Amino acid sequence: MSKYRIMVVDDDPDIRFVICGLLQLDFEMVQAKSGLDALEKIERYEPDLILLDVRMPVMDGFATLKAIRRHSQFSDTPVFFLTGMTTDDVREQASDMNTEGFVEKPFETQELVEEIRSFFTDHRRVPRLKTFNMRELKRIDSTPLRASRPITIGAGAQDRLKEERARHEEEKRREPTPSPEPPKPKTEESKKRRVFGAGSAEKERRIQPSSGEELEDVAPTKKIKPLLDAERPASPPPRVMPPREEPIPTPKAKEPKKPEPAPRLRPPRPIPAEALKKSASSGQRPRTLCMIDERPELAHFSEGLKGIAEYLPLEDPVEAVEIIARFQPDIVIMRIQGKTYSGVQIASLLQGNARLAHTEVVFISHRNEPESQLRAAQRMTRNPIIPAVTKGDMVHKVVKAITQKPNFEVREKKLSYGVYVDEVLRKAREELEVERREKEKRAYERRAASLAAFMAGELKDYQPPKEVDVGPKEAQEYYM
C-alpha cells in the first residue's frame, strides 16, 4: 500500500521543517508557505491530510479552508488546525467548518506523531490514488511552465517569431538529405523489352538468324519465297535497327526551400460581449487581474485593457488570492497598500511559489504614498507605478510595455477565461436571486405591517358583545 501524503501549510519555515522531519519516515510530506501556495499545489499533490495554520498573512487558515471545501475533489479531506490560540470562538468556527481537531503550539513531537498515526488507524482511510509520485512532482515543479502561442501585441512577439522561424530553418538545413539509390545496370533483354514490349525479343529471334544458321532453315515468308523460286542470290537478312538507348534520368538535387515570409501580426480587435467566452481559447492575450477596492476606478482599467488582455476585476483580496491560484494571471495590478490588504505581502506570496513567480506585478500609488515605499515597490517589481487617478490610455501603455519585455511569455493555464466568465455570471445570477428574495420579503413585511396598522385603527373602539343567558322560553320567542 502506498504512503499517506500530508500537506503542511504554515508561514513559519521552522515549524514546517520540524513537522516534516518528524513525519517524513512514515508519510510523504508536502510544504506550503501560504494559503496561496497551498491552493496552487493541492490539485497537483492531492494530499490525504492537511495541517493548516490559522494565522497567516492576507489569507488566513479559515479562508484557505473555505476555498479548499469549495473544491469538490477535496471537500472531505481531513484538516487539523495549527494554532497557538484556542479560544471558544476559534473552536466554534472550526467545528462549523468540519475540521478534525487542533494541534496546539508549542506541541510535543511524539504526541503529534501518535495523533496522526492513530487518526489514519481509527478511520481506516485508504490513501488517495495519486496522479503523480513525489519524484515526478519534483520534476514538474522544477520545469518552468510552457508558453502558449505568441501574443499578438508589441514588437517583442514579432522578434520571437522571427527567431523561432530562423531556428527552424537552420535545423532543417542541418538534417542530412537521403542519397539516391544507384540505378541498376540495364541488360540487352531489358532494353528490348523497354523499347519494343514484352514479346519483341522473341519476334526478333525468329526474323534475324544467328551466326551458325543457314538461310534455308529460317521459315520463308511471303515476301522472300518468290526470290528463292527464281534461284536468285539470297538477299541479306532484313536489317534490324538496334534499340535506341534512352538516357538514364539522373536524380535532381533538391532545391532548398525558400523561407516562408513571417506573417504580419495585426493588433487585436476589442472583444465583443457575446464573444467573451470564445476569447478564452485564444491563448494570445495576457491574463490581467486588477484588485481595486474602489469600484469607480475599475471602469478606467476595463477601458484600458479592452482588446489587449483578459480582464479579471476583483475587490476582495481574499477572493483575489484564490483566483490567482486557480486562474494563474500573467499580470497583477493592485495597490501598494489597500484598505484591507498589503500589496507588498501579496507580491511576496507570488514570488514564494515556483509556478507563480513569473507573474508580473504592477502597483498603484496614492498621492500621500511615502517616497521610500514607492522606491521599494518599484525595486521589487521593476515595473512602472500607475498613479491612483489614471485613465485608460495609461493602463494600456503600461501593460503593452510589459508584454514587450524580452522574457515575457503568456503561460499555459489550467482553466480558460470562459470558466471565469461563467463563474462571474453564475454569481451575478445568485446575487440577483438573493436580492429578489429580499425584496419580496421586505414587501411582504410592509404589507403585513400596513394591514396590522389598518386593523388596529378599525378595531380601536371595538368591544366584544356581552354573553346573555337566555332560557328556552326567551329563545323560542326570539326565533318566532
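So, here's what we can say about the structure. (Residues numbered from 1 in each chain as written. Predicted model: local features only at pLDDT ≥ 70, side-chain atom pairs only at ≥ 80, totals over all residues. Heavy atoms only, no water.)

### Some details on the overall build of the protein chain
Now for step 1: Along the protein chain, the regular secondary structure elements total 17 helices and 10 strands.
Now for step 2: In the protein chain, the share of contacts with a sequence separation of at least 24, taken over all contacts with a separation of at least 6, comes to 68%.
Now for step 3: By element, 53% of the accessible surface of the protein chain is carried by carbon and sulfur atoms, the whole surface being about 32500 Å². (Helix = DSSP H or I, 4+ residues; strand = E, 2+ residues; numbered from the N terminus. Contact = heavy atoms within 4.5 Å. Areas by Shrake-Rupley, 256 points an atom, 1.4 Å probe, with all protein chains shown as cover.)

### Considering the packing of aromatic side chains
Now for step 1: Under the criterion given, the structure shown has nine aromatic pairs.
Now for step 2: On the basis of an interplanar angle of 20 degrees and a centroid distance of 3.9 Å, the ring pair of Tyr4 and Phe120 is categorised as stacked. Highlighted residues: Tyr4 in the segment before β1 (5–9) and Phe120 in helix α5 (residues 109–123), separated in sequence by 116 residues.
Now for step 3: Looking at Phe120, the relative accessible area reads 5%, which means it is buried.
Now for step 4: Ring geometry for Phe80 against Phe119: centres 5.5 Å apart, planes inclined by 85 degrees, an arrangement best described as edge-to-face. (Phe/Tyr/Trp six-rings, centres within 6.5 Å; stacked < 30°, edge-to-face > 60°. Buried < 20%, exposed > 50% of the residue type's maximum accessible area, 1.4 Å probe, protein only.)

### Points about the pairing of strand β4 (residues 79–83)
Now for step 1: Across the five residues that make up β4, a large majority, five, are buried.
Now for step 2: In the sheet, strand β3 (residues 49–53) pairs with β4 via four bridges, with the strands oriented parallel. In the strand pairing of β4, Ile50 is matched with Val79.
Now for step 3: Regarding the hand of the β-α-β motif, the stretch spanning β3, helix α3 (residues 61–69) and β4 is right-handed.
Now for step 4: As paired elements, β4 and strand β5 (residues 101–104) share four bridges and run parallel to each other. Each residue of the ladder has a partner; that of Phe80, found in β5, is Gly101.
Now for step 5: For the crossover from β4 across helix α4 (residues 88–96) to β5, the handedness is right-handed. (Pairing = 2+ DSSP bridges. Right-handed = clockwise from strand over helix to strand, strands pointing away.)

### Some points on the sheet that holds strand β2 (residues 28–32)
Now for step 1: Strands sit in the order β2-β1-β3-β4-β5 across an open sheet of five strands; the sheet is parallel. Unpaired on one side and paired on the other, β2 and β5 mark the two borders of the sheet. Neighbour to neighbour, the strand axes of the sheet diverge by 20 degrees on average, direction disregarded.
Now for step 2: The strands that α5 touches are β1, β3, β4 and β5; relative to β3, the one it contacts most, it runs at about 140 degrees. (Axes fitted to C-alpha atoms, helices over the stretch in contact; angles between N-to-C directions.)

### Things to note about the pattern of salt bridges
Now for step 1: Applying the stated criterion across every chain, the model contains 20 salt bridges.
Now for step 2: Its salt-bridge partner being Arg70, residue Glu322 comes within 2.5 Å of it at the nearest N-O pair. Of this pair, Glu322 sits in helix α12 (residues 317–327) while Arg70 is found in the loop between α3 and β4, placing the two residues 252 residues apart along the sequence.
Now for step 3: Residue classification places Glu322 among the buried positions, given a relative accessible area of 12%.
Now for step 4: Judged by its relative accessible area of 56%, Arg70 falls in the exposed class.
Now for step 5: Put simply, Lys405 and Glu360 hold a salt bridge, and the shortest N to O gap is 3.3 Å. Taken together, the residues span a long stretch of sequence, with Lys405 in the loop between α15 (392–403) and α16 (417–458) and Glu360 in strand β9 (residues 360–365) at a distance of 45 residues.
Now for step 6: Connected via shared salt-bridge partners are Glu433, Arg436, Arg437 and Glu440. (Salt bridge = Lys/Arg side-chain N within 4 Å of Asp/Glu carboxyl O.)

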